[in-house]
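Listed below, chain by chain, are the residues.
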Amino acid sequence: MYTNIAVTKTPVADLMEVAMKVGDILRQKTARIATVRMNETVGIAAQLMRASNISALVVKDVVRTEGNTAVGMFTERDVVRAIAEHGAAGVNLKVSQLISVQQLVSCSSSDTLEHVRHLMNMNHIRHLPVIDNYSLIGVISIRDISAAFDDEVNAGTRSASAA
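The rules behind these values
- Residues numbered from 1 in each chain as written.
- Predicted model: local features only at pLDDT ≥ 70, side-chain atom pairs only at ≥ 80, totals over all residues.
- Heavy atoms only, no water.
- Helix = DSSP H or I, 4+ residues; strand = E, 2+ residues; numbered from the N terminus.
- Axes fitted to C-alpha atoms, helices over the stretch in contact; angles between N-to-C directions.
- Left-handed = near helix turned anticlockwise from the far one by under 90°.
- Contact = heavy atoms within 4.5 Å.
- Nonpolar A, V, L, I, M, F, W, Y, C, P; charged D, E, K, R; others polar.
- Buried < 20%, exposed > 50% of the residue type's maximum accessible area, 1.4 Å probe, protein only.
- Core = buried A, V, L, I, M, F, W, Y, C linked by side-chain atoms within 4.5 Å.
- Pairing = 2+ DSSP bridges.

Asks: I'd like a rundown of the environment of Gly43, residues and numbers included.
Replies: Mapped onto the secondary structure, Gly43 falls in helix H3 (residues 42–52). With 39 residues separating them in the primary sequence, Gly43 and Ala82 have C-alpha atoms 10.0 Å apart.

This is the structure we're talking about:
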């Protein structure tokens, strides 16, 4: 009537799943980071996003010359906001007029994807600059995180069906 289940003792380290890190995703992406300077116009930023087929740019400070200093993110939402609030003249606004440099939310390559997903949800953002040792090394998006989780689930499904 009852089935005996053999219980094997497995070291705790083997049971702990290794959480995926931001660096794991960055290694799979192209190294190019699309940026715009603070003093560029919304129109120029929009053209850069269109030319690269992306929806966000890292904003760099024009005054600071050392390293890759990110001061904010400029997204397609900022373009829409500029035009909605200022009409056609919105394309002539400076990028610096639309970003808040005091509120840069970023992550590091050693952060887990779960932590970064939480940061994005809490701050209502879809793109995060990745900064290691005060230097910009990449950008991660919610799409990158979603794809990584999907890949992990599919890999688990494949290995479970193979067993």
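Asks: Describe the packing of H3 against helix H4 (residues 76–86), and please don't skip the residues or the numbers.
Replies: Taken N-terminus to C-terminus, the directions of H3 and H4 make an angle of 145°; their axes are 10 Å apart at the nearest point. Crossing geometry of H3 relative to H4 is assigned as left-handed. Facing H3, whose interface residues are Val42, Ala46 and Met49, H4 presents Glu76, Val79 and Ala82. Looking at side-chain class alone, the contact of H3 with H4 contains five nonpolar, no polar and one charged residues.

Asks: Quick one: what's the story with the side chain of Ser108, residue by residue and with numbers?
Replies: Mapped onto the fold, Ser108 is located in the loop between H4 and helix H5 (113–123). The class of Ser108 is buried, set by a relative accessible area of 17%. The residues touching Ser108, leaving out its near neighbours within four places in the chain, are Val22, Val130, Ile131 and Asp132.

Asks: Tell me about the nonpolar core, and name the residues and values.
Replies: Val42, Val59, Phe74 and Val95 are the most contacted members of the largest nonpolar core, which has 16 residues in total. Secondary-structure elements contributing two or more residues to this core are H3, strand S2 (56–60), strand S3 (70–75) and H4. Here this core gets three residues from one element, more than from any other, and that element is H3. Leaving out residues up to four positions away in the same chain, Phe74 has contacts with Val42, Ala45, Met49, Ser55, Ala56, Leu57, Val59, Val79, Val95, Leu98 and Ile99. Listed in part, the 15 residues of the second largest apolar core include Met20, Leu113, Leu119 and Met120.

Asks: Before we move on, can you summarise unusual backbone geometry with the specific residues and values?
Replies: Most of the time, phi is negative for any residue but glycine, and the peptide bond is trans. A positive phi angle, close to 55°, is found at His124, a residue other than glycine. Among the secondary structure elements, His124 is positioned in the loop between H5 and strand S4 (127–132). Judged by its relative accessible area of 63%, His124 is exposed. Backbone geometry places Asn133, a non-glycine residue, at a positive phi of 50°.

Asks: So what's going on with the sheet that holds S3? Residues and values would help.
Replies: By way of backbone hydrogen bonds, the strands of a sheet pair with one another, either parallel or antiparallel. Strand order in this open sheet of three strands is S1-S2-S3, and the pairing throughout is mixed. The sheet terminates laterally at strand S1 (35–37) and S3, the two strands that pair on one side only. Averaged over all pairs of adjacent strands, the angle between strand axes in this sheet comes to 35°, irrespective of strand direction.

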